[in-house]
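The residues making up each chain are set out below.
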Amino acid sequence: MYVKVPIDNKNISFLLTIKYNSQAGYWNIDIANGNTGEIILSGLPLLASEYPAANVLEQYSYLQIGSMYVIKINDSIKKENPDVTNLGADFILVWGDTIE
């Protein structure tokens, strides 16, 4: 999937591959440069982790590709992380400016 994300006053193009790891029970994302196809990150787990959410890109801030959060938007769901059926429905992915 090709996306353009506004990050730190720039529009950055990415190629994303998002897939569910059924054995581990969580989603992974591969992030590539949208212009060159060069892999930036591969196999990054999409986990909400901390309340209300953890920045899944925090340890990669040196890459200057912003901050990304998995946010639970349906409080009636007991699980803390999305399953194979509810990413994009009960949980959303929010990506924006780098938070330091």
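Residues numbered from 1 in each chain as written. Predicted model: local features only at pLDDT ≥ 70, side-chain atom pairs only at ≥ 80, totals over all residues. Heavy atoms only, no water.

What to know about the pattern of salt bridges
How we decide: Any Lys or Arg side-chain nitrogen found within 4 Å of a carboxyl oxygen on Asp or Glu counts as a salt bridge. Secondary structure elements are taken from DSSP: a helix is a run of H or I of four residues or more, a strand is a run of E of two residues or more, and numbering for both begins at the N terminus. Relative accessibility under 20% of the residue-type maximum defines a buried residue, over 50% an exposed one, and the middle range a partly exposed one, all with a 1.4 Å probe and only protein chains included.
Using the criterion set out here, one finds three salt bridges in the structure. For D30, the salt bridge identified is with K19, shortest N-O distance 3.0 Å. With a gap of eleven residues between them, D30 in strand 3 (residues 26-33) and K19 in strand 2 (residues 10-21) connect regions that are remote in the sequence. On the basis of relative accessibility, which here comes to 12%, the residue D30 falls in the buried class. Overall, K19 belongs to the partly exposed group, its relative accessible area being 42%.

As for the environment of A48
Let me state the cut-off plainly: In what follows, a contact means two residues having at least one pair of non-hydrogen atoms within 4.5 Å.
With respect to the secondary-structure elements, A48 resides in the loop between strand 4 (39-46) and strand 5 (67-72). If near-sequence neighbours (up to four positions away) are discounted, A48 is found in contact with A53, A54, V70, E80 and N81.

Focus: the layout of surface pockets
Note the threshold: Every definition here rests on a 1 Å grid over the protein atoms only: cavities are sets of points where a 1.4 Å probe fits but cannot get out, pockets are open sets enclosed by protein on both sides within 12 Å along at least five of seven lines, and lining residues have some atom within 4 Å of a point. Grid points are joined across faces, edges and corners, and a volume is the space filled by probe spheres set on the points. The residue classification treats Ala, Val, Leu, Ile, Met, Phe, Trp, Tyr, Cys and Pro as nonpolar and Asp, Glu, Lys and Arg as charged. All others, Gly included, are polar.
The space that makes up the largest pocket amounts to roughly 180 Å³. Per-element tally for the lining of the largest pocket: the top contributor is strand 2, with four residues. For the lining of the largest pocket, the residue count by class is five nonpolar, five polar and no charged.

Quick notes on the packing of aromatic side chains
We apply this condition: Working definition: rings of Phe, Tyr and Trp (its six-membered ring) pair if their centres are within 6.5 Å, and the pair is stacked with planes under 30 degrees apart, edge-to-face with planes over 60 apart, and tilted otherwise.
All chains considered together, the criterion is met by two aromatic pairs. Taken together, a centroid distance of 4.7 Å and an interplanar angle of 25 degrees make the contact between F14 and W95 stacked. Of this pair, F14 sits in strand 2 while W95 sits in strand 6 (residues 91-96); the two residues are 81 residues apart in sequence, bridging distant segments of the chain. There is no split in this pair, since F14 and W95 are both buried.

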